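Listed here are the chains, written in short residue letters.
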Amino acid sequence: MESLKRPLPVVVHTDSSYVRNGITSWLPNWKRRGWRTADNKPVKNVDLWRRLDEVAARYEVEWRWVRGHSGDEGNERADALARRGRDEAAGV
């Protein structure tokens with residue numbers, strides 16, 4: 001979303017229920033509690049959650065969960081690209 005040049009509706013497909021629930025349900029409470037979870041622990045990766053919250057606020061976003069590793073073409077491609085990026089960063 002950070003690379004978009006103009007406002008438009010965005011559909012995000014994720015196989016992470018943690019990310020989907022975090023952005024759609026838990027984030028308002030984390031912010032209200034000073035970035036602490038329901039059991040008063042610090043939210044992990046708060047820098048990334050803040051960044052996602054900031055950029056998502058600029059768009060009308062629909063968050064769709066897809067089952068991971070189940071043959072969804074887009075999800076399989078995203079996993080392959082993530083593995084490639086990881087391997088390139090590690091010099092493999």
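This report concerns the structure included in the present document. (Residues numbered from 1 in each chain as written. Predicted model: local features only at pLDDT ≥ 70, side-chain atom pairs only at ≥ 80, totals over all residues. Heavy atoms only, no water.)

Focus: the nonpolar core
Part 1: Counting 12 residues, the largest nonpolar core consists of Val10, Val12, Ile23, Leu27, Trp30, Trp35, Val43, Trp49, Val55, Ala56, Tyr59 and Trp63.
Part 2: Contributions of two or more residues to this core are made by β1 (10–14), α1 (17–32) and α2 (46–56).
Part 3: The contact partners of leucine 27, leaving out residues within four places of it in the chain, are Gly22, Trp35, Trp49 and Asp53. (Core = buried A, V, L, I, M, F, W, Y, C linked by side-chain atoms within 4.5 Å. Buried < 20%, exposed > 50% of the residue type's maximum accessible area, 1.4 Å probe, protein only. Helix = DSSP H or I, 4+ residues; strand = E, 2+ residues; numbered from the N terminus. Contact = heavy atoms within 4.5 Å.)

What about the packing of α1 against α2?
Part 1: Relative to each other, α1 and α2 sit at 95°, their axes nearing to 11 Å. As judged from the angle between their axes, α1 and α2 are roughly perpendicular. Residues Tyr18, Val19, Gly22, Ile23, Leu27, Trp30 and Lys31 of α1 form the contact with α2, whose own contacting residues are Trp49, Leu52 and Asp53.
Part 2: Broken down by class, the residue content of the contact of α1 with α2 amounts to 7 nonpolar, 1 polar and 2 charged. (Axes fitted to C-alpha atoms, helices over the stretch in contact; angles between N-to-C directions. Parallel < 35°, antiparallel > 145°, perpendicular 65-115°, else oblique. Nonpolar A, V, L, I, M, F, W, Y, C, P; charged D, E, K, R; others polar.)

Thoughts on the pattern of salt bridges
Part 1: The full count for this structure, using the stated rule, is 7 salt bridges.
Part 2: Ionic pairing is found between glutamate 2 and arginine 51, a salt bridge with its closest N-O pair at 2.7 Å. With a gap of 49 residues between them, glutamate 2 in the segment before β1 and arginine 51 in helix α2 connect regions that are remote in the sequence.
Part 3: We note a salt bridge from lysine 31 to aspartate 53, for which the minimum N-O separation is 2.9 Å. In this pair, lysine 31 is assigned in helix α1 and aspartate 53 in helix α2, connecting sequence segments 22 residues apart. (Salt bridge = Lys/Arg side-chain N within 4 Å of Asp/Glu carboxyl O.)

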